[in-house]
Amino acid sequence: MTQYPPRLPPFNADAVYFFSASLLMLPLSLWTVTLMYNAYAVSCNVRGLRAGLSFTAGLILAEILSKIVLGALR
């Protein structure tokens, strides 16, 4: 049987802090990637689709390599 009214879960301050930090970090992370792309486009003198694809490939490759290296350090 269900209870009426349903009980609310207890308030968790850690969840609120985590959610707040996540909301702050998302636009900051996007801003960082935007600045990295602009630096890449200027330093390599590339524009358009070629710049976007090569930057994305490099970013994904760097992420994969960092996971491999960090996994090897354990």
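First things first, this report covers the structure right here in the doc.

Reading guide: rules and limits
- Note on numbering: residues in each chain are counted from 1, in written sequence order.
- Only residues with pLDDT of at least 70 get local features here, since the model is predicted, and only at 80 or more are side-chain atom pairs given and counted; chain-wide, interface and lining totals rely on the full set of residues.
- Hydrogen atoms and water are omitted, and side-chain values are computed over all heavy atoms in the structure.
- Helix and strand definitions follow DSSP, with helices as H or I runs of at least four residues and strands as E runs of at least two, each counted in order from the N terminus.
- Radius of gyration means the value over C-alpha atoms here, while the globule rule gives 2.2 Å times the residue count to the 0.38 power.
- Exposure classes here rest on a 1.4 Å probe applied to the protein chains alone. A residue is buried below 20% of its type maximum, exposed above 50%, and partly exposed in between.
- Using the Shrake-Rupley algorithm and a 1.4 Å probe, accessible areas are obtained, with residue cover drawn only from the displayed protein chains.
- Lines fitted to the C-alpha atoms define the axes, with helices restricted to the stretch that makes contact. Angles between their N-to-C directions range from 0 to 180 degrees.
- Each angle gets one of four labels, with under 35 degrees taken as roughly parallel, over 145 as roughly antiparallel, 65 to 115 as roughly perpendicular, and the rest as oblique.
- Take the far helix as your reference; a near helix turned counterclockwise from it by less than a right angle gives a left-handed crossing, and one turned clockwise gives a right-handed crossing.
- Contact criterion: two residues are considered in contact whenever any of their non-hydrogen atoms come within 4.5 Å of each other.
- By definition here, a salt bridge exists when the distance from a side-chain nitrogen of Lys or Arg to a carboxyl oxygen of Asp or Glu is within 4 Å.

In this section: the overall build of the chain. Secondary structure summary: the chain contains two helices and zero strands in total. The C-alpha atoms of the chain give 21 Å as radius of gyration, which overshoots the globular expectation for 74 residues (11 Å, by more than 25%). Expressed as lengths along the three principal axes of its C-alpha atoms, the size of the chain is roughly 65 × 35 × 25 Å. Burial analysis of the chain (74 residues in total) assigns 5% to the buried set. Split by element, the accessible area of the chain, about 6,900 Å² in all, is 72% carbon and sulfur.

Attention shifts here to the environment of Ala 57. Here Ala 57 shows up in helix α2 (residues 48-72). Assessed through its relative accessible area of 45%, Ala 57 is described here as partly exposed. Taking the C-alpha atoms as reference, Ala 57 lies 12 Å from Tyr 37; in sequence the two are 20 residues apart.

This part is about the packing of helix α1 (residues 13-44) against α2. Where α1 contacts α2, the two axes come as close as 10 Å, and the packing angle between them is 120 degrees. Classified by the angle between their axes, α1 and α2 sit oblique to one another. Crossing of α1 over α2 shows right-handed handedness. Two secondary-structure elements touch here, α1 through Val 33, Met 36, Tyr 37 and Tyr 40 and α2 through Gly 48, Ala 51, Gly 52, Ser 54, Phe 55 and Leu 59.

Time to look at the pattern of salt bridges. With the rule as written, the count across this model stands at one salt bridge. Between Glu 63 and Lys 67 there is a salt bridge, and its shortest N-O distance comes to 3.7 Å. Of the two residues, Glu 63 and Lys 67 both sit in helix α2, four residues apart, roughly one turn of that helix. Classification of Glu 63 by relative accessible area gives partly exposed; the value is 44%.

So, on to the environment of Leu 70. Examined against the element boundaries, Leu 70 turns out to sit in helix α2. For Leu 70, a relative accessible area of 54% translates into the label exposed. Separated by 17 residues in sequence, Leu 70 and Leu 53 have C-alpha atoms that sit 26 Å apart.

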